[in-house]
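Chain by chain, the residues run as shown.
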Amino acid sequence: MTRTIDFIFDFASLNAYLAERALSEMVGRTGATINVIPCLLGGIFKATGNQAPFSAYAGIKLKLDYEMLEIRRFVKAHGLEDFQMNPHFPVNSLLAMRGLCACAPGDEFDRYLDAVLAGFWERGLLMSDPAVLSSVLVEAGLDAGRLIALAQTDAVKAKLADNTAAAVERGAFGAPTFFVGDEMFFGKERLGQIEAMLS
């Protein structure tokens, strides 16, 4: 059985952030490999008729209250003390996601992912602002000018669009979505199921 977890990911998803930060624990216990696949959550929603929980349940206060309770429980369970709700939520991640697609696999990709996630969900920054994104990348020791320039190219834009379409084709309707082989798991709450399967 494959030990690679395909992770359908967008910086705009709070739950994708929480899942990403918790995944390192699972990797340590199972030896799994995480393959982060940058996708545009808005494109997935549009293609599937889905919408974000904060929109879907906007008129159901008790449901939204429970969503926040679940987030607090997850944060506590995984020791994610650095998390803070982004004051600019809902966040626009288009430029950041294109930048992630522009990264070379390996160290550059990993450093970009970590720094930009922190900008969105630990530092509360307006990451849709190119100047803010550039500053975060420079702090992480990355070539911000090169990556932001690449993010504007047709090839990188097409890569993000193609990733998004492929995720929908596999069955994704939101983020975080995970695939282990042909098995799909949706939501950060499924990490335990994935670990049980890999174990």
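As a starting point, this report considers the structure included with it. (Residues numbered from 1 in each chain as written. Predicted model: local features only at pLDDT ≥ 70, side-chain atom pairs only at ≥ 80, totals over all residues. Heavy atoms only, no water.)

1. Some details on the overall build of the protein chain
Across its full length, the protein chain carries ten helices and four strands. Here the protein chain has a C-alpha radius of gyration of 16 Å; the compact-globule value for 199 residues is 16 Å, and the two agree. Taken over the C-alpha atoms alone, the protein chain extends approximately 40 × 40 × 35 Å along its principal axes. Counting every position in the protein chain, which comprises 199 residues, the buried fraction comes to 45%. Pairs at least 24 residues apart make up 71% of the contacts formed inside the protein chain by residues separated by at least 6 positions. Across the protein chain, 18 positive and 24 negative side-chain charges occur, with their mean positions spaced 4 Å apart. (Helix = DSSP H or I, 4+ residues; strand = E, 2+ residues; numbered from the N terminus. Rg over C-alpha atoms; globule rule 2.2 N^0.38 Å. Buried < 20%, exposed > 50% of the residue type's maximum accessible area, 1.4 Å probe, protein only. Contact = heavy atoms within 4.5 Å. Lys, Arg positive; Asp, Glu negative; His and termini not counted. Charge placed at Lys NZ, Arg CZ, Asp CG, Glu CD.)

2. Observations regarding the packing of aromatic side chains
Tallied over the entire structure, the rule returns ten aromatic pairs. Summarising the aromatic geometry, the rings of Phe 54 and Phe 89 are spaced 5.1 Å apart at their centres and angled 70 degrees between planes, so their arrangement reads as edge-to-face. Highlighted residues: Phe 54 in helix H3 (residues 53–56) and Phe 89 in the loop between helix H4 (61–77) and helix H5 (94–102), separated in sequence by 35 residues. The exposure class assigned to Phe 54 is partly exposed, which follows from its relative accessible area of 28%. We classify Phe 89 as partly exposed; its relative accessible area is 27%. Note on Phe 89 and Trp 121: the rings are 6.1 Å apart at their centroids and 55 degrees apart in plane angle, and the pair reads as tilted. Taken together, the residues span a long stretch of sequence, with Phe 89 in the loop between H4 and H5 and Trp 121 in helix H6 (residues 107–121) at a distance of 32 residues. Three or more aromatic residues joined by ring pairs make a cluster, and in this case those are Phe 7, Phe 9, Phe 11, Tyr 112, Phe 120 and Phe 178. In this structure, Lys 63 packs its charged tip against the face of Tyr 57, placed 4.9 Å from the ring centre. Positioned over the ring face of Phe 179 is Arg 170, at 4.0 Å from the centre of the ring. (Phe/Tyr/Trp six-rings, centres within 6.5 Å; stacked < 30°, edge-to-face > 60°. Lys NZ or Arg CZ within 6 Å of the ring centre and 35° of its normal.)

3. A word on the side chain of Glu 108
Within the secondary structure, Glu 108 sits in helix H6. For Glu 108, a relative accessible area of 15% corresponds to the buried category. In this structure the side chain of Glu 108 is engaged in a polar contact, spanning 2.8 Å, whose partner is the side chain of Arg 146. If we skip the residues at most four places from it in the chain, Glu 108 touches Ala 102, Cys 103, Leu 142, Arg 146 and Leu 147. (Polar contact = N/O pair within 3.5 Å; in protein donor to acceptor, adjacent residues only side chain to side chain.)

4. Structural notes on a nonpolar patch on the surface
On the surface, a cluster of nonpolar side chains totalling about 220 Å² of accessible area is made up of Phe 173, Met 184 and Phe 186. Relative to the elements of secondary structure, Phe 186 occurs in strand E4 (residues 183–186). (Patch = residues over 30% accessible without salt bridge, like charges linked within 9 Å, V, L, I, M, F, W, Y side chains within 5 Å. Areas by Shrake-Rupley, 256 points an atom, 1.4 Å probe, with all protein chains shown as cover. Salt bridge = Lys/Arg side-chain N within 4 Å of Asp/Glu carboxyl O.)

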